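Structural description and commentary
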Amino acid sequence: MDGCTSVNFHIVTLFPGLFPGPLAEGVMGRALRQGVFVLCVHNMRDHGAGPHHVVDDAAFGGGPGMVLKAGPLAASVAEARHADGDDGGAADAPVLLLDPQGARLTQGLVDELAQKQDIILVAGRYEGIDERARERVITHEISIGDYVLTGGELPVMVLIEAVARRVPGVLGSKDSGKADSFASGLLQHPHYTRPAVWEGEAVPDILLSGDHARVTQWRREQSLLRTLRRRPDLLSQPQAALSSAEREWLKERGWRPDGAYDRNE
Ligand code: 4HQ
């Protein structure tokens, strides 16, 4: 891209055919075609051992399940570091392993990653990767949530999509990401569109009033109420950026800043 911000995602995987997959559709697909972000896929199989390009082996100590070999993983990451044709920028790129043992992916981390020029992402398979390769080449371990998947490819895609949409030029309008849940620190207010009455259910009057100030206030209140009822933990985080008036307003509705929330109040 011409001097604009862009992120190169270097993906290390045993299933290169999964990419770009869903990242080629919709606004992500458009940004990808425009070069706002770049996917560079590295097949670990290319670095497998011997004539059969073996990438996995039984675990020392026994037990079921296979382990990704250190050699093919390290060689693939080395390839990702040096394959960066444009400016060698991947030389000190972070190397992220997607793994349930990692730190939980948050909007804060996503926004930090969106500042990087190059990010190397490792999608594991089997029981996981050889611990020595983890220690040698992985700089960060990240989990997309407390559940178990079969491979790291879907978590890699989740991370790429979350990061790419924070890169200027990916979303249509500059501000459309600002109101997002978590970007604002609160859950979103409800949304409505035509028809004004659908199957006997009307849209809240205030949204049809044309009074922009009242609409803004209503949305903020809805956002606060929804966060109070569904995710009161978010209200105590600095990103929520509550005014003292809002804190009082929430307390009147049962919020306890110590974490407790009395639903019956
Ligand atoms: N994996 N968040 C890859 C996950 C996972 C997650 C399970 C990662 C299998 C091989 N990754 N291994 N949750 O479930 O990131």
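Up top you'll find the structure we're talking about.
For helix H5 (residues 153-164), with 12 residues, the first-to-last C-alpha span of 16 Å sits near the 16 Å given by 1.5 Å per residue. Regarding H5, the residues found buried are Glu 153, Pro 155, Val 156, Met 157, Leu 159, Ile 160, Val 163 and Ala 164.

Asp 99, Ile 144, Gly 145, Tyr 147 and Leu 149 are the nearest of the 17 residues found near the ligand. One of the backbone N or O atoms of Gly 145 is found 3.1 Å from a nitrogen atom in the ligand. Contacts to the ligand include Tyr 147, whose backbone N or O atom sits 3.0 Å from a nitrogen atom. Out of a free accessible area of 360 Å², the ligand has 95% covered by protein chains. The set of elements that each furnish at least two residues to the shell around the ligand consists of strand S5 (95-104) and strand S7 (140-143). Per-element tally for the shell around the ligand: the top contributor is S5, with 3 residues. For the shell around the ligand, the class distribution of residues is 9 nonpolar, 6 polar and 2 charged.

A separate point is the packing of aromatic side chains. Counted according to the given criterion, the structure contains 1 aromatic pair. Consider the rings of Phe 9 and Phe 37, whose centres lie 5.9 Å apart with planes at 80°: the pair is edge-to-face. One end of the pair, Phe 9, is in strand S1 (residues 7-13); the other, Phe 37, is in strand S2 (residues 37-43), and 28 residues separate them in sequence. Residues Phe 9 and Phe 37 agree in their burial class; the two are buried.

Let's shift gears to the pattern of salt bridges. Taken as a whole, this structure holds 11 salt bridges when the rule is applied. For Arg 134, the salt bridge identified is with Glu 141, shortest N-O distance 2.5 Å. Exposure remark for Glu 141: the relative accessible area of 26% places this residue in the partly exposed category. Here the residues in one salt-bridge network are Asp 99, Glu 131, Arg 134 and Glu 141, joined through shared partners.

Relative to the helices and strands, Asp 99 resides in strand S5. Leaving out residues up to four positions away in the same chain, Asp 99 has contacts with Arg 134, Ile 142 and Ser 143.

Attention now moves to the pairing of S2. Examined bridge by bridge, S1 and S2 share 7 bridges and lie parallel to one another. Paired with Val 7 across the bridge in S2 is Phe 37. You can see the chain leave S1, run along helix H1 (residues 26-34) and come back into S2, and the turn it takes is right-handed.

With respect to the helices, strands and loops of the structure, Glu 79 is situated in helix H2 (residues 70-82). Look at Glu 79 and you get partly exposed, because its relative accessible area is 29%. With 32 residues separating them in the primary sequence, Glu 79 and His 47 have C-alpha atoms 9.5 Å apart. Setting aside residues no more than four positions away along its own chain, Glu 79 makes contact with His 42 and His 47. For Glu 79, the side chain forms a polar contact with the side chain of His 47, separated by 2.9 Å.

This brings us to helix H6 (residues 212-230). When the terminal C-alpha atoms of H6 are compared, their 27 Å separation across 19 residues agrees well with the 27 Å that a helix rising 1.5 Å per residue should span. For H6, the complete set of buried residues consists of Val 215, Trp 218, Ser 223, Leu 224, Leu 225, Thr 227 and Leu 228. Where H6 is buried, its residues contact helix H7 (232-235) and helix H8 (244-252).

This part takes up the side chain of Asp 118. Residue placement: Asp 118 occurs in strand S6 (residues 118-123). A polar contact is formed between the side chain of Asp 118 and the side chain of His 10, at a distance of 2.8 Å. Among the polar contacts listed, one links the side chain of Asp 118 to the backbone nitrogen of Ala 90, at a separation of 3.5 Å.

What counts, and at which threshold
Residues numbered from 1 in each chain as written. Predicted model: local features only at pLDDT ≥ 70, side-chain atom pairs only at ≥ 80, totals over all residues. Heavy atoms only, no water. Helix = DSSP H or I, 4+ residues; strand = E, 2+ residues; numbered from the N terminus. Expected span 1.5 Å × (residues − 1). Buried < 20%, exposed > 50% of the residue type's maximum accessible area, 1.4 Å probe, protein only. Near = heavy atom within 4 Å. Polar contact = N/O pair within 3.5 Å; in protein donor to acceptor, adjacent residues only side chain to side chain. Areas by Shrake-Rupley, 256 points an atom, 1.4 Å probe, with all protein chains shown as cover. Nonpolar A, V, L, I, M, F, W, Y, C, P; charged D, E, K, R; others polar. Phe/Tyr/Trp six-rings, centres within 6.5 Å; stacked < 30°, edge-to-face > 60°. Salt bridge = Lys/Arg side-chain N within 4 Å of Asp/Glu carboxyl O. Contact = heavy atoms within 4.5 Å. Pairing = 2+ DSSP bridges. Right-handed = clockwise from strand over helix to strand, strands pointing away.

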